[in-house]
Each structure stands twice: as structure tokens, then as C-alpha cells.
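These are the residues of each chain, in order.
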Amino acid sequence: MESVAASAIPRGQVDLVDFVDWSGVECLNQSTSQSLINAVKQGYRDDDGLHLESDADEQLLIYIPFTQVIKLHSIVIKGPEEEGPKTVKLFTNKEHMGFSNVSDYPPSDSIALSPENLKGKAVTLKYVKFQSVCSLTIFIEDNQGGNDISKVQKIVLYGTTVDTTNMKDLKKIEEH
């Protein structure tokens, strides 16, 4: 098993896995036996035997909400040489996107993954476009080999949290 060395984490950034709202995470066109949890959740994503796999065709649409507002700095998308993702479009704060309307919105960033990226090299994003992120939609448009199935072994998001007040923690002050 290959793990990301501490030096691979961009300076001042953290792995945002602890801030993912798991109850809202979705993935369209995922194989029932090889689901998104395999690529994103800690422990699973470090197991080389587990991965996320597309079902009907090569495209995947992943929705990841966060428990608090974050600033996204960079992303790691690890995958095999042939079935690994190639064109990836990222959308911030867009809920309920589907394959039918994914082209209706301009992406916050569009990246072409290189073989080095698929081995775990982080892609630095257009930081100004990812300053106040409540949710991230990842659209995997195609893969390296033009195959019918895309495979993702690992997705890691690096960034920081935005200091905000959690409204759920506020208590009502009663008058006496």
C-alpha cells in the first residue's frame, strides 16, 4: 500500500475528509459493487484492492457536501493508467446536478489529469474560485484510454476551513 507522505500535503492545507457530510454524498453512474466510499472514505481509499468504478459508461458525477464552509486548494485523483480519469470538471455549490444539465453550468475549474496525477500527484486548483465552498461536484467526463469504464482508486481534497459560526451551536437566550 502506498501512502501520501506528509510532504505531499500542500503547506498550510489539511485533508478535508473530516469535513465531508457523509449523509449527503452521492455518485451517479457508480457500479453497485465498486462505490464512491471506496475512493473517498479514510481507510477504504488507501486499500489498493478497492476503487470506485463507473457502470453504464465512462462518466461519473460525484457530489460531496461539507459540514462547514471550506477553501479548496488542491485535489488528488488517483487511478489506473488506462481506466483512470482524464477530463475532470469541478463545480462549487451546485446541488442536484445530473448528466442532463452538467453542460448548462460553467465549471469552477477544468483539469486534464496526467499519468503523474493518476499516481497521486496533487493538482493545484484556481484558488480564487474555491474560497467559500459548501459542496463540490466532480464530473469525470472521460478516461485515459477511451474505455467504457472509469476507475478511481482515491480522491483526496486539500484545503482549509473557513472560520464561521455554526448556527446549530447557538443557544436561545431566555429572558427572565
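Thresholds applied
Think of each chain on its own: its residues are numbered from 1, step by step along the sequence as written. Residue-level local features of this predicted model are given only where pLDDT is at least 70; pairs of side-chain atoms are given and counted only at 80 or more, and the full residue set underlies all totals for whole chains, interfaces and linings. As a convention, hydrogens and water are excluded, and side-chain values are obtained from all of the structure's heavy atoms. Secondary structure is summarised from DSSP: a helix means a run of H or I of at least four residues, a strand means a run of E of at least two, and numbering begins at the N terminus for each. Pairs of N or O atoms within 3.5 Å make up the polar contacts considered here, provided that, within protein, one atom can donate a hydrogen while the other can accept it, and that residues adjacent in sequence are counted only when both atoms are side-chain atoms. Should any heavy atoms of two residues lie within 4.5 Å, those residues are counted as being in contact. Cavities and pockets were defined on a 1 Å grid built over protein atoms only: a cavity is a set of grid points that admits a 1.4 Å probe from which the probe cannot escape, a pocket is an open set flanked by protein on both sides within 12 Å along at least five of seven lines, and lining residues are those with an atom within 4 Å of any such point. Grid points are joined across faces, edges and corners, and a volume is the space filled by probe spheres set on the points. Gly is placed with the polar residues, together with every amino acid not listed as nonpolar (Ala, Val, Leu, Ile, Met, Phe, Trp, Tyr, Cys and Pro) or charged (Asp, Glu, Lys and Arg).

Draft legend 1. Fine view of the side chain of Gln34. Here Gln34 is to be found in the loop between strand S2 (26–28) and helix H1 (37–40). Within the structure, Gln34 has its side chain in polar contact with the side chain of Asn38 (distance 3.4 Å). Every residue in contact with Gln34, bar those within four places of it in the chain, is listed here: Leu50, His51, Leu52 and Glu53.

Draft legend 2. Summary view of empty space enclosed by the protein. In the structure shown here, the tally under the stated rule is two cavities of 30 Å³ or more. In this structure, the largest cavity encloses a volume near 60 Å³. Lining the largest cavity, in full, are Glu26, Leu28, Leu61, Ile62, Tyr63, His96, Met97 and Thr137. Elements supplying a minimum of two residues to the lining of the largest cavity: S2 and strand S4 (60–78). The greatest single-element share of the lining of the largest cavity, amounting to three residues, is contributed by S4. Classifying every residue of the lining of the largest cavity by side-chain character gives five nonpolar, two polar and one charged. Reported here for the second largest cavity is a volume of approximately 50 Å³. Every residue lining the second largest cavity is listed: Asp15, Leu16, Val17, Val20, Val40, Arg45, Ile64, Ile155, Val156 and Leu157. Top contributing element to the lining of the second largest cavity by residue count: strand S10 (residues 154–161), with three residues.

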